[in-house]
Amino acid sequence: MAYSNRSLPEEELSVNPAMLTGCLSLGYYGFMEELTPGRIREGLATEFVGQKIVYYESIGSTNEVARGLVDKGAPEGTLVIAEEQTAGKGRLGRRWIAPAGMGLLFSLLLYPDLTLKQVPRLTMLASLAVAEAIESVTGLAVRFKWPNDILIRGRKAGGVLTEVGVTGERLDYVVVGIGLNVNWNPSQVPELAGKATSLSEELGREVSRLELLQRLLIYMEGGYLRLQEGYLPHKVFTSRLADVGEKVEVVLPRGKEEGFVEGVDADGALLLRREDGSTVGVTMGEVA
Ligand code: BT5
């Protein structure tokens, strides 16, 4: 999770209206499908998630755009979606790599009634919405790698990037960014070879991005409404967690921690049982 409330340059805040209704032709790959606002909204059975859509053919990062929309009064559930990102972000300054038109690259703007410490609940919720959408559309089994990786057969097919805006201790907004490899082969990228996968690679056929996105938005809204009523997603999240019972090493911002994975707690901390029998909750770090 990245914490920052820096303001964005003005040009990043402005939305080109032509792009809002823009129409993209994806003639260069097999699955002819447009992710335009009209098509996304058509038949989308949500109350507010994805009901306002900001669409770009190409943009730096949908998370950055979503954050910039807060000052413009964008409503809860605003969806910022792009066919291509020129500066797609992962956590801790890392990059999200994806070719145009072959995956899902989007962010949701939310104003949850949560404390800062509780924000990882939204990351877990988003991961669950991704998993349920993938499973219902494709039948593929989805697991998670703590804290934010979406895995299929042990390889990364997607990731969640949750960013917040805070004033002092108060949480002003949360942007949940999701990147998912749908219809391309990430092993073509040397940096990702052997570590990443996509739905089409696993299935041997292409998948409707529109159907996936719509289901994901519906699951996300359902989960979000329950979360606001006090629902805690960590047990269901843990049931999909890879490495449970395994011994792992977690690289922390400073130092490292070793232990057997027990699960995650209500606020998303990874619970490790150390050799001495004590249990520690890790809130930030990377499972090696
Ligand atoms: C993530 O970060 O996995 C979060 C990715 C979130 C991307 C979405 S796209 C829409 C929204 N707008 C943004 O700008 N971002 C969000 P992290 O756990 O730090 O993982 C990043 C690492 O995953 C990289 O260092 C690569 O090793 C790997 N990676 C990059 N692109 C990948 C891909 N397409 N598939 C699988 N792995 C990838």
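Note that this is a predicted model, so its numbers are computed, not measured. (Residues numbered from 1 in each chain as written. Predicted model: local features only at pLDDT ≥ 70, side-chain atom pairs only at ≥ 80, totals over all residues. Heavy atoms only, no water.)

## Regarding the pattern of salt bridges
As enumerated under the stated definition, the model contains 19 salt bridges in all. The salt bridge involving Asp149 is made with Lys156; its shortest N-O contact spans 2.8 Å. For Asp149, a relative accessible area of 11% translates into the label buried. (Salt bridge = Lys/Arg side-chain N within 4 Å of Asp/Glu carboxyl O. Buried < 20%, exposed > 50% of the residue type's maximum accessible area, 1.4 Å probe, protein only.)

## Observations regarding the site of the ligand
Taken together, the neighbourhood of the ligand is formed by 28 residues, with Ser61, Lys89, Arg91, Ile97 and Lys156 sitting nearest. Lys89 places a main-chain nitrogen or oxygen 2.7 Å from an oxygen atom of the ligand. With respect to the ligand, the side chain of Lys156 contributes an N or O atom lying 2.7 Å from an oxygen atom. Of all elements in the fold, only α4 (62–69), β4 (103–110), β7 (155–167) and β8 (170–181) reach the threshold of two or more residues within the shell around the ligand. (Near = heavy atom within 4 Å. Polar contact = N/O pair within 3.5 Å; in protein donor to acceptor, adjacent residues only side chain to side chain. Helix = DSSP H or I, 4+ residues; strand = E, 2+ residues; numbered from the N terminus.)

## Concerning the environment of Pro233
With respect to the secondary-structure elements, Pro233 resides in the loop between α7 (209–228) and α8 (234–239). Contact partners of Pro233, with chain neighbours within four places excluded, come to Arg121, Met124, Leu125, Leu128 and Leu227. (Contact = heavy atoms within 4.5 Å.)

## Here's the deal with unusual backbone geometry
Leaving glycine aside, a negative phi is the common case for residues, and trans is the common case for peptide bonds. The residue after Trp146, namely Pro147, is reached through a cis peptide bond having omega 0°. Among the structural elements, Pro147 can be located in the loop between β5 (143–145) and β6 (149–152). In this model, Leu92 sits at a positive phi of 50°, which is unusual for a non-glycine residue. Judged by relative accessible area, which is 67%, Leu92 ranks as exposed. Positive phi values are uncommon outside glycine, yet Arg153 reaches one of about 45°. Tracing the chain through its elements places Arg153 in the loop between β6 and β7. Judged by its relative accessible area of 70%, Arg153 falls in the exposed class.

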